[in-house]
Amino acid sequence: MGTKAFNSKVLKEESRPSIVQRMENQERQKKFEQKQKEVEKEIRQEQREALKQGIRPKFVTNKEKSLRMAEDEWALIPDQHQRTIVHIDVDCFYAQVEMVRDPSLRDKPLGIKQKNLMVTSNYVARSMGVKKSMWIKDAVKILPNLVFVDGSDLTHYRQFSTEISAVAQSFTPNVERLGLDENYVDITDIVGDYISPEYSAIEGHVFGDKEEDRKVLGDPCGCGCLQRLTAGSHLAKKIRQQILETTGITCCAGVAHNKLLAKLVSGYYKPNQQTVVFPWQAHDVMESLKQARSIPGIGSTTFKILEDLNISTVQELQNASLSTLHTRFDEETSKRLKDLSYGIDEGLVRKSGKPQSIGLEDAFKKTSKQKSWDLTSQTHQPAKGRLKQKVKERKPQRLKPKALLNLM
DNA sequence: CTGGATGAG
DNA sequence: CATTCTCATCCAG
């Protein structure tokens, strides 16, 4: 799927793979096919053995074959870099919203509280030793003059959140919301417009931020990702600027060829900064994480199971054999875990559903039998209806890809 | 179709 | 006192 995701414009305008790269790719492909042959030979050998011993040879499925191939040579599996993804992460979201709503808070240490918990704080507070999230009493101990705003009512945060997403959506419809303060933007379709000499320098940070990473000399890949990601850094900057202009909110951005890396690097330089990472740096990014738990997609449950298998660092996960993982996870998950450990992520940016808001005053319109939303439909349901019913209505569960296209 | 698991914020 | 809640996705029953 990812392989055919680039559109014609990008194809036209991006530089073609260099000769060196084409050769490297051929080399890789050859190795891959070689491995394939080896595995098949192995299997035939095993079957012959079985026959010799009078045992009926077991049938080896293609799936099993690919699993075996991947076993030793995971890195040989081609990782494509056709997409360009931006992950946008708002700086201390709630605190910023409050500071925009009341500018007098700007230069004061500010904490947003919910119940007994300070859920976030502004950077003034953080510079004075207050952590992101703390118990109120602990925060006050550190900073007696900390100003608190109650953040139990999410209405304003939702409004700002949709505004921010709307800015991104004005660039491309391919925007996926993640919570209230994060957005994935797949800019593959529009990044071609920014590939030009005018944008040849990288905007913002490069992961690692060494001078050598900035130099355009040598293109380690040649598939065009260098140009696309460079252009992407300019687009990311533009999106961030626009967000700032229209909402007064600053944010960070990460630019990469997949969601995983974009998200991992977006917070690398904070606040109000951005970072691009190139495919050949994927290993460095992953190694910069110690625990496998800090990989998005590996939650507490999965991590516990990994620990059972004596796997807790990213590196241990990289080195874990598929068969080991397979003892506790299904095959797809096992592969997925290995992919993640190498910074490989084919996950698509999915257009998020309708403007979020779950407030009590909200009414819903739904089409009675259609599987897609149609806001022009007349059916009107008082929001009073059970939450559950609302949720059911607004998420027409698994949308067929076709229906998804109609969503915007 | 639905409830439980899982994960993110 | 690492809490509680909301939301999305996946899948087995």
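Residues numbered from 1 in each chain as written. Chains lettered and ligands numbered in written order. Predicted model: local features only at pLDDT ≥ 70, side-chain atom pairs only at ≥ 80, totals over all residues. Heavy atoms only, no water.

**Let's talk about the packing of aromatic side chains**
Given two aromatic rings, one states the distance between the centres and the angle between the planes to describe the pair.
Here comes step 1: A full pass over the atoms with the stated rule returns 7 aromatic pairs.
Here comes step 2: Residues Y94 and Y157 carry aromatic rings whose centres are separated by 3.9 Å and whose planes lie at 5 degrees to one another, so their mutual orientation is stacked. Of this pair, Y94 sits in helix 4 (residues 93–101) while Y157 sits in helix 7 (residues 155–169), and the two are 63 residues apart along the sequence.
Here comes step 3: What makes Y94 buried here is its relative accessible area of 17%.
Here comes step 4: Through successive ring pairs, a cluster of aromatic residues spans F93, Y94 and Y157.
Here comes step 5: Above the face of the Y123 ring, R126 is positioned so that its terminal group lies 4.7 Å from the ring centre.
Here comes step 6: Positioned over the ring face of Y184 is K259, at 4.8 Å from the centre of the ring. (Phe/Tyr/Trp six-rings, centres within 6.5 Å; stacked < 30°, edge-to-face > 60°. Helix = DSSP H or I, 4+ residues; strand = E, 2+ residues; numbered from the N terminus. Buried < 20%, exposed > 50% of the residue type's maximum accessible area, 1.4 Å probe, protein only. Lys NZ or Arg CZ within 6 Å of the ring centre and 35° of its normal.)

**Some details on the confidence of the model for chain A**
Interpretation of the predicted coordinates at a detailed level should be avoided for regions scoring low in pLDDT.
Here comes step 1: When the pLDDT values of chain A are averaged, the result is 79; 71% of them are 70 or greater.
Here comes step 2: Low pLDDT (under 50) marks residues 1–26, which in the prediction has 37 contacts with non-local residues, meaning those over four places away or in another chain.
Here comes step 3: Across residues 356–408, where pLDDT falls below 50, the model places 57 contacts with residues more than four positions away in sequence or in other chains. (pLDDT = per-residue confidence, 0-100. Contact = heavy atoms within 4.5 Å.)

**Focus: the packing of helix 4 against helix 7**
Here comes step 1: Interaxial distance between helix 4 and helix 7 falls to 10 Å at its minimum, and their mutual angle equals 95 degrees. The orientation of helix 4 with respect to helix 7, classified from their angle, is roughly perpendicular. For the pair helix 4 and helix 7, contact is made by F93, Y94, V97, E98, V100 and R101 and by H156, Y157, F160, S161 and I164, respectively.
Here comes step 2: Partitioning the contact of helix 4 with helix 7 into residue classes produces 7 nonpolar, 2 polar and 2 charged. (Axes fitted to C-alpha atoms, helices over the stretch in contact; angles between N-to-C directions. Parallel < 35°, antiparallel > 145°, perpendicular 65-115°, else oblique. Nonpolar A, V, L, I, M, F, W, Y, C, P; charged D, E, K, R; others polar.)

**Digging into the side chain of R83**
Here comes step 1: Position of R83 relative to the elements: it lies in the loop between helix 3 (62–72) and strand 1 (85–90).
Here comes step 2: Buried charge without a partner: R83 forms no salt bridge, and the closest opposite charge is E346, 4.7 Å away.
Here comes step 3: A distance of 3.0 Å separates a polar side-chain atom of R83 from the backbone oxygen of D345. (Lys, Arg positive; Asp, Glu negative; His and termini not counted. Salt bridge = Lys/Arg side-chain N within 4 Å of Asp/Glu carboxyl O. Polar contact = N/O pair within 3.5 Å; in protein donor to acceptor, adjacent residues only side chain to side chain.)

**Some points on unusual backbone geometry**
Here comes step 1: Cis geometry is adopted by the peptide bond preceding P271, which originates at K270 and carries an omega value of -15 degrees.
Here comes step 2: Looking at the secondary structure, you find P271 in the loop between helix 10 (259–266) and strand 10 (274–276).
Here comes step 3: Positive phi values are uncommon outside glycine, yet N272 reaches one of about 55 degrees.
Here comes step 4: Along the chain, the position of N272 falls in the loop between helix 10 and strand 10.
Here comes step 5: Looking at N272, the relative accessible area reads 38%, which means it is partly exposed.
Here comes step 6: The phi dihedral of N310 falls on the positive side, at around 65 degrees, and the residue is not glycine.

**A look at the nonpolar core**
Here comes step 1: Core analysis: the biggest nonpolar cluster contains 46 residues, and V86, I88, F93 and I243 have the highest contact counts within it.
Here comes step 2: Breaking this core down by element, the ones donating at least two residues are strand 1, helix 4, strand 2 (110–114), helix 7, helix 9 (225–247) and strand 9 (251–256).
Here comes step 3: The leading source of residues in this core is helix 9, at 8 residues.
Here comes step 4: Here this core spans two domains, and each of domain 2 (85–90 + 156–279) and domain 3 (93–153) adds at least three residues to it.
Here comes step 5: Residues contacting I243, with those up to four places away along its chain left out, are I88, I164, V167, G248, I249 and C251.
Here comes step 6: I298, L306, L309 and L325 belong to the second largest nonpolar core, which has 30 residues in total. (Core = buried A, V, L, I, M, F, W, Y, C linked by side-chain atoms within 4.5 Å. Domains from an automatic or database assignment.)

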